[in-house]
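Analysis of the macromolecular model
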Amino acid sequence: MIKSRAIVLHRFPYSDSSWIVKALTEECGIVSFIVKGGKRKESPFKGALDPLSLSEIVFRQNPGTELQFPKEAGVIDWHPHLRENLLSLAKAQVMAEIVMRYAPAGVPLEGEFALLENALREFDTADNSPEQDSPSISPEQNAAPSVPAGNTSGIFAQWLLDICDLWGYNLDTGTCSRCNHPLDGPAADFHPESGNFVCKKCLGVETPRAKPETLLGFWNLRNGGTIEHPEYVENALLAYLRNHVGFMREIHSLKFLNETRKLFSNNSAG
Ligand SMILES: [Zn+2]
């Protein structure tokens, strides 16, 4: 019998009453569960097997079958605030799908678990910053997130950068790839095929291929600043990852993210 923390990556209907749930477990990597009767209102698992929940699952691992039966499952963190923000939710779904499709199968994935757990918590707490005039929260209660409260702009990009690193495609965002000098400002160009940054001096009179928003986004990501248009740096990192993982498989939730981004940019434009 195994008891493990797990993050639910995906859930799809199996029959009239059952789900198949794919979860990233802390102990055993990605495990597929069949949840009989999971759709019923009185399911004992409640929100524990909802996508993006952080839960504790007890199951017996039967190596002879693809699908495991959860014996018990309880929610540790349902991430309610993340779910209230459509853009955070869309980004979290893309992260979950990337892990589900591209993380190695059949091996423990402690690094992937830690990165996803951290990013989901940051999304959840960043939108939950206390009001200015509300009573102050003691430092113990307000466990310091690594991103300033309210600043969700770099969470997805940082996660992509960390996943690239974890999977062996480290991206050096602080150095010019031509002269090897540290960048002292936003790079003058970026090539998503190679992951190379080029400084102003080395670029010379060449026309940069990367957009200024992308280059400024990388700079702010590195320096912990707010990224005004995070979709540029996120897309650049997705392109880089796609080139290196060599994946042709489509990330379905990217479509939803792109629709959501449009919705938000239209709103902010007036
Ligand atoms: Zn240079």
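These notes cover the structure that comes with them. (Residues numbered from 1 in each chain as written. Predicted model: local features only at pLDDT ≥ 70, side-chain atom pairs only at ≥ 80, totals over all residues.)

Let's shift gears to the overall build of the chain. Within the chain, the regular secondary structure consists of eight helices and eight strands. The proportion of buried residues among the 270 residues of the chain is 36%. Nonlocal contacts in the chain, meaning residues at least 24 apart in sequence, comprise 58% of its contacts between residues at least 6 apart. (Helix = DSSP H or I, 4+ residues; strand = E, 2+ residues; numbered from the N terminus. Buried ≥ 20, exposed ≤ 12 C-beta atoms within 10 Å, placed from the backbone. Contact = placed C-beta atoms within 7 Å.)

Moving on, we come to the packing of helix α4 (residues 155-166) against helix α7 (residues 230-245). The contact between α4 and α7 brings their axes to 9 Å, and the two run at 20°. The angle between the axes of α4 and α7 places the two elements in the roughly parallel class. Taken as a pair, α4 and α7 cross one another with a handedness that is left-handed. For the pair formed by α4 and α7, the contact residues are Phe156, Ala157, Leu160, Leu161 and Cys164 on the first element and Pro230, Val233, Glu234, Leu237, Leu238, Tyr240 and Leu241 on the second. (Axes fitted to C-alpha atoms, helices over the stretch in contact; angles between N-to-C directions. Parallel < 35°, antiparallel > 145°, perpendicular 65-115°, else oblique. Left-handed = near helix turned anticlockwise from the far one by under 90°.)

Take the sheet that holds strand β3 (residues 29-35) next. Strand pairing in a sheet relies on backbone hydrogen bonds. The paired strands run either parallel or antiparallel. Strand order in this open sheet of six strands is β5-β3-β2-β1-β4-β6, and the pairing throughout is mixed. Since the sheet does not close on itself, it has two edges, and those belong to β5 (67-68) and β6 (70-77), each with one partner. Here strand β1 (residues 2-13) runs beside strand β4 (residues 54-59); their pairing, made up of six bridges, is antiparallel. Note that in β4 the partner of Ile7 across the bridge is Leu54. Here helix α2 (residues 86-102) sits on the sheet in contact with β1, β2 (19-25) and β3, set at roughly 105° to β1. (Pairing = 2+ DSSP bridges.)

Our focus in this paragraph is the nonpolar core. Formed by 66 residues in total, the largest nonpolar core has its most connected members in Ala23, Leu24 and Met95. Formed jointly, this core draws a minimum of three residues from each of two domains, domain 1 (2-77) and domain 2 (80-127 + 152-269). Setting aside its immediate chain neighbours within four residues, Ala23 contacts Ala6, Ile7, Val8, Leu9, Val31, Phe33 and Ile57. (Core = buried A, V, L, I, M, F, W, Y, C linked by C-beta atoms within 7 Å. Domains from an automatic or database assignment.)

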